[in-house]
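In case you want the letters, here they are:
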Amino acid sequence: MSIRVVLVDDQSMIRTGLRMVLAAEPDIEVVGEAGDGASGVRVVTELTPDVVLLDVRMPGMDGLEAARRIVDAGLPTRVVVLTTFDEDEYVAAALRAGVSGFLLKVAPPEDLVAAVRTVAAGQGLLDPAVTLRVIRSFATAPAPDPGRAAELAQLTERETDVLALVAAGLSNAEIAARLYLGEATVKTHVSRVLLKLGLRDRVQAVAFAYESGLVSPGR
């Protein structure tokens, strides 16, 4: 079955470019488009695609509010935010809204295709460049949430270590090397962390790690 995608961006040229790249792939189908957040929410609600690529800055309802509404509606659609290097202020808010990933608008076509496949497969997507911006955005965030901090008690010591390294932007292979574990073992630990904390993917795990105080900027 093909991966069904909706594109939401107020610039028609951007949507056309995204569509051209994705339509060239045999396993990806662009099933809808919208030029603003409100229309995007309607299209996603009607079509329930596997993935929506959502621009942050749009007239009327912006991408952040659209992302919140899509996630809060409990739809199976995974939200990927399209961002640029000058939009740091949106990163933490988008994480808290429950998006599944970030994609830089300047990313090459092969990264776009890989991102859609990764998120559709149920994995989070956080580009290393965006990870650094997440750290900067949380540097000015309020104090850790006591409720979130208390939830950490559910994790074993090893699971806590793995969560901290996920928040640092390390891949499973890198975590395995750091902790002298097999990559399959790390994958199991990550899955257990997500299950215990009620998180959907690695992107939400990064947000949780900062909000709980497990990881702090500069640590």
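Residues numbered from 1 in each chain as written. Predicted model: local features only at pLDDT ≥ 70, side-chain atom pairs only at ≥ 80, totals over all residues. Heavy atoms only, no water.

In the nomenclature of an unreviewed UniProt entry, the protein corresponds to DNA-binding response regulator, NarL/FixJ family, contains REC and HTH domains from the organism Geodermatophilus aquaeductus.

Caption draft 1: Highlighting helix H9 (residues 172–179). Where H9 is concerned, the buried positions are Asn172, Ile175, Ala176 and Leu179. Looking straight down H9, one finds that the buried residues subtend no more than 100 degrees of arc, so they occupy a single side. Positive backbone phi, approximately 60 degrees, marks tyrosine 180, located one or two places after H9. (Buried < 20%, exposed > 50% of the residue type's maximum accessible area, 1.4 Å probe, protein only. Helix = DSSP H or I, 4+ residues; strand = E, 2+ residues; numbered from the N terminus. Arc of directions from axis to C-beta.)

Caption draft 2: Just the UniProt feature "modified residue: 4-aspartylphosphate" (unreviewed entry) in the protein, in detail. Here, UniProt's "modified residue: 4-aspartylphosphate" (unreviewed entry) annotation points to Asp55. Along the chain, aspartate 55 falls in strand S3 (residues 51–55). In this structure aspartate 55 comes out as buried when scored by relative accessible area, which is 2%. In this structure, aspartate 55 is in contact with Val8, Asp9, Asp10, Gly63, Leu82 and Lys105, ignoring residues within four places of it in sequence. (UniProt positions renumbered as here; feature names shortened; annotations may be inferred. Contact = heavy atoms within 4.5 Å.)

Caption draft 3: Seen up close, the nonpolar core. Formed by 25 residues in total, the largest nonpolar core has its most connected members in Val79 and Phe102. Among the elements of the structure, strand S1 (3–8), helix H2 (37–47), S3, helix H3 (63–72), strand S4 (78–83), helix H4 (88–97) and helix H11 (202–211) are those that each provide at least two residues to this core. A total of four residues in this core trace back to one element, the largest contributor, which is H3. With 24 residues, the next largest nonpolar core counts Val186, Leu197, Leu199 and Val206 among its residues. (Core = buried A, V, L, I, M, F, W, Y, C linked by side-chain atoms within 4.5 Å.)

Caption draft 4: A look at the pairing of strand S5 (residues 101–104). Here S5 shows no split at all, with Gly101 and Leu103 on one side and Phe102 and Leu104 on the other all buried. The sheet contact formed by S4 and S5 spans four bridges and is parallel. From the neighbouring strand, threonine 83 faces S5, where its bridge partner is leucine 104. (Pairing = 2+ DSSP bridges.)

Caption draft 5: Looking closely at unusual backbone geometry. For threonine 48, which is not glycine, the phi torsion reads 40 degrees and is therefore positive. Relative accessible area serves as the criterion here: at 32%, threonine 48 is assigned to the partly exposed category. Even without being a glycine, tyrosine 180 presents a positive backbone phi close to 60 degrees. Inspection of the secondary structure puts tyrosine 180 in the loop between H9 and helix H10 (183–197). The exposure class assigned to tyrosine 180 is exposed, which follows from its relative accessible area of 75%.

Caption draft 6: A look at the pattern of salt bridges. The tally for this structure, following the rule as stated, stands at 12 salt bridges. The salt bridge partner of aspartate 9 is lysine 105, with a shortest N-O separation of 3.3 Å. With a gap of 96 residues between them, aspartate 9 in the loop between S1 and helix H1 (12–23) and lysine 105 in the loop between S5 and helix H5 (109–120) connect regions that are remote in the sequence. On the basis of relative accessibility, which here comes to 0%, the residue aspartate 9 falls in the buried class. Arginine 117 is the salt-bridge partner of aspartate 27, the closest N and O atoms lying 2.9 Å from each other. You can see aspartate 27 sitting in the loop between H1 and strand S2 (28–34) and its partner arginine 117 sitting in helix H5, a full 90 residues away along the chain. Judged by relative accessible area, aspartate 27 falls into the partly exposed class, the value being 24%. Through salt bridges with shared partners, a single network forms among Asp9, Asp55 and Lys105. (Salt bridge = Lys/Arg side-chain N within 4 Å of Asp/Glu carboxyl O.)

Caption draft 7: Main features of the environment of valine 71. Tracing the backbone shows valine 71 in helix H3. By relative accessible area, valine 71 is classed as partly exposed at 22%. Taking the C-alpha atoms as reference points, valine 71 and serine 100, 29 residues apart in sequence, are found 9.8 Å from one another.

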